[in-house]
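Remarks on the overall topology
Here's the letter readout for the chains.
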Amino acid sequence: MPSTSPRLKPPRPGRHCPAADSPRRATSSGRSPHNIPFISFPPLLIAPRPSALGPPLQLISEAYDILKTLGGLTNEELASTFKEWNKPESEVSSFLVEISAVILNKKDDRPGCDGYVLDKIVDQTGSKGTGKWTVQEAADLSVAAPTITASLDGRYMSALRPERLAAADVFEAIGVKQPAPAPGIDKAALVADVKAALLASKITSYAQGMNIIRAKSIEKDWGIDMGGLARIWKGGCIIRAGFLDDISKAYRANPELPNLMVDPGFAKRLAESEAAWRRVVGGAIAAGVPTPGFSTSLAYFDTYRRRRLPANLVQAQRDFFGSHTYQRLDADGWFHTLWDPTFSSSDSITTSQYNA
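Given the structure is predicted, the values throughout are model-derived calculations rather than measurements. (Residues numbered from 1 in each chain as written. Predicted model: local features only at pLDDT ≥ 70, side-chain atom pairs only at ≥ 80, totals over all residues. Heavy atoms only, no water.)

With that settled, consider the nonpolar core. Counting residues in hydrophobic clusters, the biggest one holds 51 residues, and the most contacted among them are Ile 66, Trp 85, Ile 247, Leu 260 and Phe 294. When contributions to this core are tallied by element, the ones reaching two or more residues are helix 2 (48-70), helix 3 (75-85), helix 4 (95-104), helix 8 (187-220), helix 9 (226-233), helix 10 (244-253), helix 11 (264-287) and helix 12 (292-305). Sort the elements by how many residues they give to this core and helix 8 lands first, with 12 residues. If we skip the residues at most four places from it in the chain, Leu 260 touches Ile 203, Tyr 206, Ala 207, Ile 247, Ala 250, Tyr 251 and Phe 266. The next biggest cluster of nonpolar side chains, apart from the first, holds 8 residues, and it includes Val 135, Ala 145, Ile 148 and Ile 212. (Core = buried A, V, L, I, M, F, W, Y, C linked by side-chain atoms within 4.5 Å. Buried < 20%, exposed > 50% of the residue type's maximum accessible area, 1.4 Å probe, protein only. Helix = DSSP H or I, 4+ residues; strand = E, 2+ residues; numbered from the N terminus. Contact = heavy atoms within 4.5 Å.)

Okay, here's the thing in structure tokens:
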């Protein structure tokens, strides 16, 4: 089917790089540059793959951005870093990390061009709609999937390139500068921290994707073998990664695992990565480098492990303005409070229970 993403206008050719005679791009006929028709799949059949595909793409791009923008790493250093990360013993090794190293190292060999191809690619990401299907499915199932949602939002934000360029001019004019390499930064330490943040964020994103699939399996009585599903993804899938074996083992050990994060092995990895994860997110925020994937993944981790959340205030507010009622820690049942008699509508019971 034709792409649902906005049409991307090719950038003007640079002074040292003439326009291509025959650029390859998807056409309005709904075919790829290789004349292969795009195939439309039902959302429920294709959702499991993009539910885990979008976040790794976003998270890897954020790792690249932090290392390049804040760490000042060159393309050669970045390619070397990603190649190191993809070694068999690396916990973040994956097909996407592997190809990222190749992409980072690719010189522009077109006549009259110099530099790297990656640095000349327009920073707008296309979208086929599968990420949207996944987020919609998660919402329908009342399953939290913030990292997946953040990845989708990242694509939508990238498509606003003209607006972003204009906004940069507006804020630079009043003193809000673009992020730049931190002076005296320890590149090796930053690389180690970003690797840990990438691992932790990937764990949370896979946890969210697996929970969407599990919830749908329960709803439809599909009986999906979660451990077997992770094993299948290792066989030539775009999202194949080194720790898929560990995901499979986690679900084999506990088929009723409520969340991948609480598997003993993955919980240990998250605990070991936590400090670095917070340093990376905090440093990026302080410098103005957007990390929606890393930041949202950390918030998901923090929210899931909290003994008490401020949701009690949210529910009290809902009861105040809509009489949605609430539950108590010290008694069974649902309750409503007349919070202030001067608000005439506050005592109108509209529901006895709620879902999300």
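There's plenty left to go through after this.
Before going further, it helps to examine the packing of helix 8 against helix 11. Relative orientation of the contacting elements helix 8 and helix 11 amounts to 125°, with a least axis distance of 8 Å. For the element pair helix 8 / helix 11, the angle class is oblique. Of the two elements, helix 8 crosses helix 11, and the hand of that crossing is left-handed. On helix 11, the residues that touch Asp 193, Val 194, Ala 196, Ala 197, Leu 199, Ala 200, Ser 201, Ile 203 and Thr 204 of helix 8 are Phe 266, Arg 269, Leu 270, Ser 273, Ala 276, Trp 277, Arg 279 and Val 280. Looking at the contact of helix 8 with helix 11 residue by residue, the class counts come to 11 nonpolar, 3 polar and 3 charged. (Axes fitted to C-alpha atoms, helices over the stretch in contact; angles between N-to-C directions. Parallel < 35°, antiparallel > 145°, perpendicular 65-115°, else oblique. Left-handed = near helix turned anticlockwise from the far one by under 90°. Nonpolar A, V, L, I, M, F, W, Y, C, P; charged D, E, K, R; others polar.)

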